[in-house]
Structures are given as structure tokens and as C-alpha cells.
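Summary of structural features
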Amino acid sequence: MKKIHVLNFFMLFSLLMLTANMCKSAPKQEDKKPQETIVTKEEINENSPEVIEFTKAKEGFITGSLFQVAVSSVLSDSDARLNEARSIAEQKSLNLLKTYAPPILSEKGKKELREISKEGKIVDKNISIGGRYFFLYQIQRKDLKQLVTSGLE
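Computed from a prediction, not measured in an experiment: that's the story for all the values here.

Conventions used here
- Residues numbered from 1 in each chain as written.
- Predicted model: local features only at pLDDT ≥ 70, side-chain atom pairs only at ≥ 80, totals over all residues.
- Heavy atoms only, no water.
- Helix = DSSP H or I, 4+ residues; strand = E, 2+ residues; numbered from the N terminus.
- Buried < 20%, exposed > 50% of the residue type's maximum accessible area, 1.4 Å probe, protein only.
- Contact = heavy atoms within 4.5 Å.
- Areas by Shrake-Rupley, 256 points an atom, 1.4 Å probe, with all protein chains shown as cover.
- Pairing = 2+ DSSP bridges.
- Core = buried A, V, L, I, M, F, W, Y, C linked by side-chain atoms within 4.5 Å.
- Axes fitted to C-alpha atoms, helices over the stretch in contact; angles between N-to-C directions.
- Parallel < 35°, antiparallel > 145°, perpendicular 65-115°, else oblique.
- Left-handed = near helix turned anticlockwise from the far one by under 90°.
- pLDDT = per-residue confidence, 0-100.
- Arc of directions from axis to C-beta.

This part covers the overall build of the chain. The number of helices and strands found in the chain is five helices and five strands. Helices (α) and strands (β) of the chain occur, in sequence order from the N terminus, as α-α-β-β-α-α-β-β-β-α. A buried classification covers 26% of the 153 residues belonging to the chain. Taking as baseline every contact in the chain between residues at least 6 positions apart, the subset at least 24 positions apart corresponds to 64%. Total accessible area on the chain is roughly 11,200 Å²; 56% of this is exposed by carbon and sulfur atoms.

What follows deals with the pairing of strand β2 (residues 66–73). Summarising burial for β2: seven of the eight residues are buried, a large majority. Summarising the sheet, strand β1 (residues 60–63) and β2 pair through three bridges and their orientation is antiparallel. By the bridge assignment for β2, T63 is matched with L66. Strand direction decides the pairing type here: β2 and strand β5 (residues 132–140), joined by eight bridges, are antiparallel. Counterpart to S72 in the pairing with β5 is F134.

Looking now at the nonpolar core. Soluble globular proteins tend to bury their nonpolar side chains together. Judged by nonpolar contacts, the single largest core of 20 residues is most densely connected at F67, L97, L113, I116, I139, L144 and V148. At the level of secondary structure, the elements contributing two or more residues to this core comprise β2, α3 (78–100), α4 (107–117), β5 and α5 (144–151). Among residues more than four places away in sequence, those in contact with L97 are F61, F67, L113, I116, S117, I139 and V148.

For the pair α4 and α5, interaxial distance at closest approach is 11 Å and the crossing angle is 155°. By the angle class used here, α4 and α5 are roughly antiparallel. α5 is crossed by α4, and the crossing has left-handed handedness. Packed against α4, whose contacting residues are E112, L113 and I116, the element α5 presents L144, L147 and V148 at the interface.

Structurally, N95 is set in helix α3. Taking the C-alpha atoms as reference points, N95 and R114, 19 residues apart in sequence, are found 9.4 Å from one another.

Low-pLDDT portions of the prediction should not be read for the details of their coordinates. Mean pLDDT for the chain: 75, with 62% of residues reaching 70 or above. Throughout residues 2–43 the model reports pLDDT below 50, and contacts reaching past four residues in sequence, or to other chains, amount to eleven contacts.

Located in the positive-phi region is D143, a residue other than glycine, with phi close to 55°. Summarising the element assignment, D143 is placed in the loop between β5 and α5.

Let's shift gears to α5. Where α5 is concerned, the buried positions are L144, L147 and V148. Along the axis of α5, the buried positions cluster into a sector of 90°, meaning they face one direction only. In this structure, α5 carries Q146 and S150 as exposed residues pointing more than 90 degrees from its buried face. Packed against the buried residues of α5 are β1, β2, α3, α4 and β5.

Here's what the structure looks like:
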């Protein structure tokens with residue numbers, strides 16, 4: 001009989017501990033106030049609106065005349081960072097533009113695609129979060145989408 005009481009006591013104690021832990025981890029309703037997200041150099045919050053703006057930025061053709069990619073850099077020197085961002089953006093643009101181009105291109109078509117990928121500009125809309133710098137690279141040209149999808153040789 002004592003074994004049953006000890007077992008019941010143990011089960012009741014375990015149940016109480018489990019319930020107490022669940023109560024600690026459950027969010028309180030009154031604590032759900034909007035909080036300001038502050039990102040420091042030590043901690044990059046990947047879910048902050050600023051980071052999401054660049055990591056979830058639409059890439060590819062925004063309009064028939066505007067093409068865009070998002071890139072980032074962690075370099076501290078501003079000139080080196082801008083050069084790195086431009087280099088990465090040009091390569092990323094070229095790779096993405098190839099997906100829109102016809103599957104078989106002549107050397108002339110490939111060269112023109114490379115030139116188009118270098119025509120872009122880093123837009124002023126860049127930010128720094130936690131030492132990581134985000135940039136949007138945009139290529140703007142009249143009828144760009146039509147040229148890439150069907151105007152190349």
C-alpha cells in the first residue's frame with residue numbers, strides 16, 4: 001500500500017512540475033505589446049523589418065524596364081564594401097538574367113547579357129544592421145525585359 005502512495009505522490013509531483021514549467025513558458029496575454037526592434041553590432045535580428053526588406057526584396061524584373069537584385073556586405077571600409085556589393089550584384093544579376101534569356105545564346109548574346117548586368121547602379125536605399133550592409137542593385141533600361149527574353153541572339 002505504501003508503494004502505491006509513493007507512486008501516486010511521485011506522479012502528482014511530476015504533474016505539478018510539468019504544469020509549472022508550462023506556465024513559465026506560456027506567453028502572458030498582457031505582455032503582448034508592440035516592441036521596438038533594436039539591432040546592435042553584436043546581434044543581427046534576422047526578423048527585423050529592415051533585414052526583411054532586403055532579404056525578401058523582390059529580385060528579377062520589377063517592371064518591364066527595371067531589374068533588381070539585393071546584396072549585402074560585411075566589410076568595414078565603405079569603398080571596399082561598395083566595390084564588393086557592386087561586384088556581387090553584377091554577378092548575381094548576370095546569373096538571374098540568364099534564367100530569363102533563351103536557353104541557347106550566341107557569343108554575341110552572352111556578351112550583351114554581361115554588359116547589361118554591369119549597367120546597374122547601387123541605389124541609395126542601403127542600410128547597416130549589426131555590421132552587415134544591405135544594398136539594392138537596379139538595372140534600368142527601356143524594354144529591358146523584352147530585350148532579355150526575346151531580343152538577344
